[in-house]
There are 2 protein chains.
Amino acid sequence: MSRVFKALADPTRRRVLEILRKGPKTAGELSAEFEVSKPTMSAHFSTLLEANLVDATKSGRTITYRLKMSVLEDALLGFAQVFGMELKTDSETSDTA
Amino acid sequence: MSRVFKALADPTRRRVLEILRKGPKTAGELSAEFEVSKPTMSAHFSTLLEANLVDATKSGRTITYRLKMSVLEDALLGFAQVFGMELKTDSETSDTA
DNA sequence: ACAACAGTTAGATGATTAGCTAAATATCAA
DNA sequence: TTGATATTTAGCTAATCATCTAACTGTTGT
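Residues numbered from 1 in each chain as written. Chains lettered and ligands numbered in written order. Predicted model: local features only at pLDDT ≥ 70, side-chain atom pairs only at ≥ 80, totals over all residues. Heavy atoms only, no water.

*Asks:* Report on the interface of chain B and chain A, specifying residues and quantitative values.
*Replies:* Listed by partner, the interface residues are 27 residues for chain B and 27 residues for chain A. Note on chain B versus chain A: buried area summed over both sides is about 2,600 Å², and carbon and sulfur give 70% of it. Scanning the region where chain B abuts chain A turns up zero salt bridges. Seen at the junction of chain B and chain A, the total is two residue pairs in polar contact (both at pLDDT 80 or more). Counting residues per element, the side of chain B that touches chain A draws most heavily on helix H5 (residues 69-82) of chain B, which supplies seven residues. Here the side of chain B that touches chain A is composed, by residue class, of 15 nonpolar, four polar and eight charged. (Contact = heavy atoms within 4.5 Å. Buried area = accessible area lost by both parts, 1.4 Å probe. Salt bridge = Lys/Arg side-chain N within 4 Å of Asp/Glu carboxyl O. Polar contact = N/O pair within 3.5 Å; in protein donor to acceptor, adjacent residues only side chain to side chain. Helix = DSSP H or I, 4+ residues; strand = E, 2+ residues; numbered from the N terminus. Nonpolar A, V, L, I, M, F, W, Y, C, P; charged D, E, K, R; others polar.)

*Asks:* Describe the protein's contact with DNA strand C, naming the residues involved and giving the relevant values.
*Replies:* Looking at DNA strand C, there are 21 residues lining it, with A:Ser37, A:Thr40, A:His44, B:Gly28 and B:Tyr65 nearest. When the atoms of DNA strand C within 4 Å of the protein are sorted by group, sugar and phosphate make up 74%. A distance of 2.5 Å separates a phosphate oxygen of DNA strand C from a polar side-chain atom of A:His44. In this structure, A:Arg61 approaches DNA strand C through a side-chain N or O atom, which is 3.4 Å from a base oxygen. Residues that form the surface near DNA strand C fall into these classes: six nonpolar, eight polar and seven charged. (Near = heavy atom within 4 Å.)

The structure is reproduced here in structure tokens:
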């Protein structure tokens, strides 16, 4: 859980997750949205992978990253609950179907 | 907001907030709950103050720290909403009155 | 005034972090 | 095989971070 919060501490990584929210993207596509070098982005991806916030699948010469929404939810939910907040996930909200 | 996430990245600081959830405590009382030196704790308090997650009031020679619950809520809420989650605060949940 | 106490500031250290360039790995296409 | 492409690994640097001890500031009690 500490790994998740460490991962969320960096604005670039938070924005990566945000972009991934709309759907999977390759390392290259993600990198294109930031003004840092690819190796730097690669390091961010590693951090997100270690926090288990994304997963990666290699296909040919591209690697596709996907947000692991449930892990993010669980982390936020767990933390929020300690402080007496309640988290509702998207699926519980309104537009389930 | 980045300051809030940076503040939350450290486990000691998260536990300080958690302790403060039950009520205000002095710097000394808080320090007593951790195995690090007082100057180290003092630095953690500074970080939490800069993130606006706590406030401090001096009275005599003690400083009392208080959790600023609404700031924590707003940060978590803001972030969660970006990911399509909904946060309900304690006051909205059941025991409002 | 003086000693004890609560807390911080100063200054140092070792570890981690975010960033870079250059080089390596692996795939695809000719 | 050669060249281009996608991404990572290696190795470096500068900055930030968590921690420490020692010293300082301000308050209280005698």
